[in-house]
Amino acid sequence: MSNGKSNGPTRKHTALPKAQILVEALPWLTRHHGKTVVIKFGGNAMVDEDLKAAFAQDVVFLRHAGLKPVVVHGGGPQISAALDKHGIVSEFKAGLRVTTEDAMDVVRMVLAGQVQRELVGLLNQHGPLAVGLTGEDAHTLTATKHQPEIDGELVDIGRVGEITEIDTGAIEALLADGRIPVVSSIARSQDDHHVYNVNADTAAAALAAALGAETLMVLTDVEGLYEDWPHSDEVISRLTASELEKLLPDLSSGMVPKMEGCLHAVRGGVTTARVIDGRVQHSILLEIFTDEGIGTMVVPDEEGES
């Protein structure tokens, strides 16, 4: 008899914090219910086994919590390793991978055949949810050749694309069916019969705007946008599109496509765009469902601000 009683207070003690966490999530669950959230998967979260598993759990949790997650991924480290194996030198110009025809074959193989498959597999451990596609499928992403400007001159970096058109039909059909689309950042060409390698941050932002998403989340290997790096590690927790635009020229090259993507998304109608630390397990849930959001959130300009 006494055994049964002595367990009671202990059980109550351990259960209460769990209940409080769930209750704290309630207003956020209500606010985000039925909304589309586009998540750019990358950085450490993409190579560390525990972080990969936690990411898959978070995305499935969002889906079961009534949100509509869409995952967009690149695969920098995996592409570099595969190019190495094929004896193709990795070269970067203006922060973008120079993509020859030979390299493009490898990029396509790695993104659609390796990274995407693994991610779809992790998500589908939790049920028949994830469906993989590339930007080529159903004309989801269309691109033309991107030529960055270096020292005032346009530079040829091969089959790197600039998105010109988006057809969200296939993704919307999957979302309506309760699936989780997993999109590889490859685009069909507007001009020829080839395909283009597209920066995954840029692709995620463009898709978020085209889908009318509530939120764009970009996983990185930093805590967010720093106030005064390298002199300070104070993270800017919230800034408007115009404030971000002023900061862009001074950002490190790795952060530029991420923050440009956030800017493009909120200017294109996305309610918030966030850069979050993918090295923290369950950072997606912390960002969406708690008062203490982590990372940097970009919001549209206030009325009258430009």
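Everything discussed here concerns the structure shown above.
Sequence order as written defines residue numbering, which begins from 1 separately in each chain. A pLDDT threshold of at least 70 governs which residues receive local features in this predicted model, and a stricter bar of 80 or more applies before side-chain atom pairs are shown or counted, although totals over entire chains, interfaces and linings include all residues. Side-chain numbers here rest on the full set of heavy atoms in the structure, without hydrogens or water.

Structural notes on the nonpolar core
By size, the foremost hydrophobic cluster in this structure holds 44 residues, and its most contacted members are Ile39, Phe55, Leu62, Val71, Leu123, Ile284 and Phe289. A run of H or I in DSSP counts as a helix once it spans at least four residues, and a run of E counts as a strand once it spans at least two, with each numbered from the N terminus. Breaking this core down by element, the ones donating at least two residues are helix H1 (2-32), strand S1 (36-41), helix H2 (49-64), helix H3 (76-85), helix H4 (101-123), strand S10 (180-184), strand S13 (215-220) and helix H9 (283-289). By the convention used here, residues are in contact when the closest approach between their heavy atoms is within 4.5 Å. Apart from residues lying up to four places away in sequence, Val71 is in contact with Ile39, Phe41, Phe55, Val59, Leu119, Ile180, Pro181, Val182 and Val183. In terms of nonpolar packing, the next biggest core, distinct from the first, is built from 40 residues, Leu211, Cys262, Ala265 and Val270 among them. In this description, a nonpolar core means a group of buried Ala, Val, Leu, Ile, Met, Phe, Trp, Tyr and Cys residues linked to one another through side-chain atoms lying within 4.5 Å. Between buried and exposed lies partly exposed: a residue is buried under 20% and exposed over 50% of the maximum accessible area for its type, with that area taken using a 1.4 Å probe on protein chains only.

Some words on the pattern of salt bridges
A pair is scored as a salt bridge if a Lys or Arg side-chain nitrogen falls within 4 Å of a carboxyl oxygen belonging to Asp or Glu. Scanning the entire structure with this criterion turns up 15 salt bridges. The partner of Lys52 in a salt bridge is Glu118, and the shortest N-O contact between them spans 2.7 Å. Separated by 66 residues along the polypeptide, Lys52 in helix H2 and Glu118 in helix H4 bring together distant segments of the chain. Notably, a salt bridge pairs Asp156 with Lys145, separated by 3.1 Å at the nearest N-O pair. Here Asp156, found in the loop between strand S8 (153-154) and strand S9 (161-166), pairs with Lys145, found in strand S6 (residues 141-145); they are eleven residues apart in sequence, far enough to count as distant. Residue class for Asp156 comes out partly exposed when judged on its relative accessible area of 44%. Among the residues examined, Lys145 registers a relative accessible area of 36% and is labelled partly exposed.

Focus: unusual backbone geometry
Even without being a glycine, Ala138 presents a positive backbone phi close to 50 degrees. Inspection of the secondary structure assignment puts Ala138 in the loop between strand S5 (130-134) and S6. The residue His139 is not glycine, and still its phi comes out positive at about 55 degrees. Structurally, the position occupied by His139 is in the loop between S5 and S6.

Observations regarding a negative patch on the surface
Within this analysis, patches are made of residues with over 30% relative accessible area and no salt bridge. Like charges are joined at 9 Å or less; nonpolar side chains (Val, Leu, Ile, Met, Phe, Trp, Tyr) at 5 Å or less. Using a 1.4 Å probe, the Shrake-Rupley method yields the accessible areas, and only the shown protein chains count as cover for residues. This count recognises Lys and Arg as positive and Asp and Glu as negative, with His and chain-terminal groups excluded. Charge positions are represented by NZ for Lys, CZ for Arg, CG for Asp and CD for Glu. A surface patch of like charges, here negative, comprises Glu223, Glu227, Asp233 and Glu234. Along the chain, Glu227 falls in the loop between S13 and strand S14 (238-240). According to the relative accessible area criterion, Glu227 is exposed, its value standing at 52%.

A closer look at the sheet that holds strand S12 (residues 195-197)
Only when DSSP finds a minimum of two bridges between them are two strands counted as paired. Judged by pairing direction, the sheet is mixed, and its four strands sit side by side in the order S9-S6-S11-S12 without closing on themselves. Every other strand in the sheet has two partners, leaving S9 and S12 as the edge strands with one partner each. In this sheet, adjacent strand axes meet at a mean angle of 50 degrees when their direction is disregarded. Of the pairings in the sheet, the one linking S6 to S9 comprises five bridges and is antiparallel in character. Residue pairing for S9: Thr142 is matched across the bridge by Glu165. In this analysis an axis means a line fitted to C-alpha atoms, helices contributing only their contacting stretch, and an angle means the value between N-to-C directions, from 0 to 180 degrees.

Quick word on the packing of H3 against H4
At a closest axis distance of 9 Å, the pairing of H3 and H4 adopts a crossing angle of 130 degrees. Judged by the inter-axis angle, H3 sits oblique to H4. Read as a crossing pair, H3 and H4 show a hand that is right-handed. Note on element contacts: H4 touches H3 through Ala103, Val106, Val107, Val110, Leu111, Gln114 and Val115, opposite Gln78, Ile79, Ala82 and Leu83. Along the lines of polarity and charge, the residues of the contact of H3 with H4 split into nine nonpolar, two polar and no charged. Geometric relationships in this document are graded by angle, where less than 35 degrees denotes roughly parallel, more than 145 denotes roughly antiparallel, 65 to 115 denotes roughly perpendicular, and other angles denote oblique. Two helices that cross are described as forming a left-handed crossing if the nearer one is turned anticlockwise from the farther one by less than a right angle, and a right-handed crossing if clockwise. Gly falls in the polar group here, along with every residue not listed as nonpolar (Ala, Val, Leu, Ile, Met, Phe, Trp, Tyr, Cys, Pro) or charged (Asp, Glu, Lys, Arg).

Let's talk about helix H8 (residues 255-267)
Relative to the 18 Å expected for 13 residues at 1.5 Å per residue, H8 spans 18 Å between its end C-alpha atoms, a close match to the ideal helical length. Among the 13 residues in H8, ten count as buried, and that is most of the element. Along H8, the positions that sit buried rather than exposed are Met255, Val256, Pro257, Lys258, Met259, Gly261, Cys262, Leu263, Ala265 and Val266. Looking at the buried positions of H8, the neighbouring elements they touch are S1, helix H6 (200-211), S13, helix H7 (241-247), strand S15 (272-277) and strand S16 (296-299). Just beyond H8, the residue with positive phi is Gly269, at close to 105 degrees. An expected span of 1.5 Å times one less than the residue number is assigned to each helix.

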